[in-house]
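# Residue-level structure breakdown
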Amino acid sequence: SVLSDIDVSYKTIERLYSDEEILLALHNLHIIILRKKGVHNPDVSGDGTGYSLTISKHYASVAAKEKDDAKELKSESNETGNKETKKSKSAKKAFVYSFKWIDIGTKMYVSFGTSLRSEREAYDKANKMLDATEMKINSVRLDRYYSFPSDVDRFPGAKVYVFPRKNATLKGSWKWKRTMIDFVKNTPSYLEHYFQRENSEAGWSADKRRFGWGIAQRRDDRIDTADFCTELWHNLFQLGS
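Summary of the structure given here. The residue numbers shown here count from 1 along each chain, following its written sequence. Side-chain atom pairs in this predicted model are given and counted only at pLDDT of 80 or more, local residue features only at pLDDT of at least 70, and totals for whole chains, interfaces and linings cover all residues. To get the side-chain values, all heavy atoms of the structure are used, and hydrogens and water are removed first.

This part is about the overall build of the protein chain. When its secondary structure is counted, the protein chain shows 10 helices and 5 strands. We call a residue buried when its accessible area falls under 20% of the maximum for its residue type, exposed when it is over 50%, and partly exposed in between, using a 1.4 Å probe and counting protein chains only. Split into buried and exposed, the 241 residues of the protein chain put 41% on the buried side. Taking as baseline every contact in the protein chain between residues at least 6 positions apart, the subset at least 24 positions apart corresponds to 66%. When the accessible surface of the protein chain is summed, it comes to about 14,100 Å², and 55% of that surface belongs to carbon and sulfur atoms. Each helix is a run of DSSP H or I of at least 4 residues and each strand a run of E of at least 2, with the numbering of both proceeding from the N terminus. Whether two residues are in contact is decided by their heavy atoms, any of which lying within 4.5 Å being enough. In this description, accessible areas are obtained by the Shrake-Rupley approach with a 1.4 Å probe, and a residue is regarded as covered only by the protein chains that are shown.

What follows is the structure, given as structure tokens:
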């Protein structure tokens, strides 16, 4: 308004977050940036976090409590479980879950996904976007939350590094078996690759310091767009580095 002498309502800006042409432009910009940086067959790391939709709750503390509640639900009665489920759903509305794949070599985000329901759903959406890029992934790193045989099998052409759960077994595909054998027989080398996950944690930390810990949008589609913009800003910073 200062530059153009044209008054622009905040509602006009809000509607841009739902504009399909804007989303198309953001997607094209994402692909152009990756190509310009030379991201083709990346070694990726994946991790999730949450952005607050309110100013009264902090994601880390609520997320930890939700995981504890989820464990308790397994041993409680159906009646108690229903009550806890309702409580959990109510708490989740205070946050949006975001999962991003980052290329270790360039520190560029390759894909992302958001969800108001769970980090797992955000992970699934990020994988769909990753598939849409048609990139051949060389290697994958995931934390214990995704250390299931199905998660390893999700990337048939890539080397997958996961930190197995305490009750992990060799039951599963041959790819899963080979992953667990590699973890046991070549532990130092395996962990050296696995702990490159720190790139994901460093990316989240940098983003939240630059762009804040919350998302101001409330509608699902606008929340996705806001997170997409954060992802693009991150890549633009890396493009200039």
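More follows now that the structure is in view.
So, on to the nonpolar core. The biggest cluster of nonpolar side chains holds 34 residues, and the ones touching the most others in it are Phe-99, Trp-101, Val-140, Leu-142, Phe-155 and Val-162. With 5 residues, the top contributor of residues to this core is helix H5 (residues 119-132). Core analysis: the next-biggest nonpolar cluster, separate from the first, contains 7 residues, Leu-53, Val-96, Ile-223 and Ala-226 among them. Definition used in this section: a nonpolar core is a set of buried Ala, Val, Leu, Ile, Met, Phe, Trp, Tyr and Cys residues joined via side-chain atoms within 4.5 Å.

Given two aromatic rings, their pairing is described by the distance between the two centres and the angle made by the two planes. Between rings of Phe, Tyr and Trp, where Trp is taken as its six-membered ring, a pair exists when centres lie within 6.5 Å; planes separated by under 30 degrees are stacked, by over 60 edge-to-face, and by other angles tilted. Enumeration over the complete set of coordinates arrives at 16 aromatic pairs. On the basis of an interplanar angle of 75 degrees and a centroid distance of 5.1 Å, the ring pair of Tyr-194 and Phe-195 is categorised as edge-to-face. Exposure remark for Tyr-194: the relative accessible area of 6% places this residue in the buried category. Here, a charge over a ring means that NZ of Lys or CZ of Arg falls within 6 Å of the ring centre while also lying within 35 degrees of the ring normal. For Lys-208, the ring lying beneath its charged end belongs to Tyr-51, and the centroid distance is 5.3 Å.

A separate point is the environment of Leu-116. In this structure, Leu-116 sits in the loop between strand E3 (109-115) and H5. Along the backbone, Leu-116 and Ile-223 are 107 residues apart, and their C-alpha atoms lie at a distance of 9.2 Å.

Any Lys or Arg side-chain nitrogen located within 4 Å of an Asp or Glu carboxyl oxygen qualifies as a salt bridge. The final tally for this structure, using the stated rule, is 10 salt bridges. Salt bridges sharing partners connect three or more residues here, namely Asp-47, Asp-143, Arg-197 and Glu-201.

So, about H5. What a helix is expected to span follows from its residue count: subtract one and scale by 1.5 Å. Taking 1.5 Å per residue, 14 residues should reach 20 Å; H5 reaches 20 Å between its end C-alpha atoms and fits that length. Downstream of H5 by one or two residues, Glu-134 has phi in the positive range, about 60 degrees.

Here the focus is the packing of helix H7 (residues 174-185) against helix H8 (residues 187-194). Between the N-to-C directions of two axes lies an angle of 0 to 180 degrees, each axis being a line fitted to C-alpha atoms and, for a helix, fitted only over the stretch in contact. Here H7 crosses H8 at 110 degrees, and the two axes come no closer than 5 Å. Considering the angle they form, H7 stands roughly perpendicular to H8. When H7 is examined against H8, the residues Thr-179, Asp-182, Phe-183, Val-184 and Lys-185 are found in contact with a partner set consisting of Thr-187, Tyr-190 and Leu-191. Of the residues belonging to the contact of H7 with H8, the class tally is 4 nonpolar, 2 polar and 2 charged. In what follows, roughly perpendicular refers to angles from 65 to 115 degrees, roughly parallel to angles under 35, roughly antiparallel to angles over 145, and oblique to any angle outside these ranges. Polar here means any residue outside two lists: the nonpolar Ala, Val, Leu, Ile, Met, Phe, Trp, Tyr, Cys and Pro, and the charged Asp, Glu, Lys and Arg; Gly therefore counts as polar.

Once that is clear, we can look at the sheet that holds strand E5 (residues 159-162). DSSP calls a pair of strands paired once it identifies at least 2 bridges connecting them. Overall, mixed pairing links the 5 strands, which are arranged E3-E2-E1-E4-E5 in an open sheet. In this open sheet, the two edge strands, each paired with only one partner strand, are E3 and E5. Here the strands of the sheet are splayed against their neighbours by 20 degrees on average, with no regard to which way each runs. Those strands touched by helix H9 (residues 198-211) are strand E1 (43-52), strand E2 (95-103) and E3, and its axis lies near 35 degrees from that of E1.

Here E2 lies mainly inside the structure; 9 of its 9 residues are buried. Here E2 shows two buried faces, one formed by Phe-95, Tyr-97, Phe-99, Trp-101 and Asp-103 and the other by Val-96, Ser-98, Lys-100 and Ile-102. Pairing of E1 with E2 involves 9 bridges; the strand directions are antiparallel. Considered in E2, the bridge of Gly-50 is made with Tyr-97. Inspection of the sheet shows E2 paired to E3 by 6 bridges, in the antiparallel sense. Within E3, the residue paired with Tyr-97 across the bridge is Ser-115.

Now for the pairing of E1. Among the 10 residues of E1, 9 are classified as buried, and the element is accordingly described as predominantly covered. Sheet topology places E1 next to strand E4 (residues 139-142); 3 bridges connect them, and they run parallel. Its bridge partner being in E4, Val-44 is matched across the sheet by Val-140.

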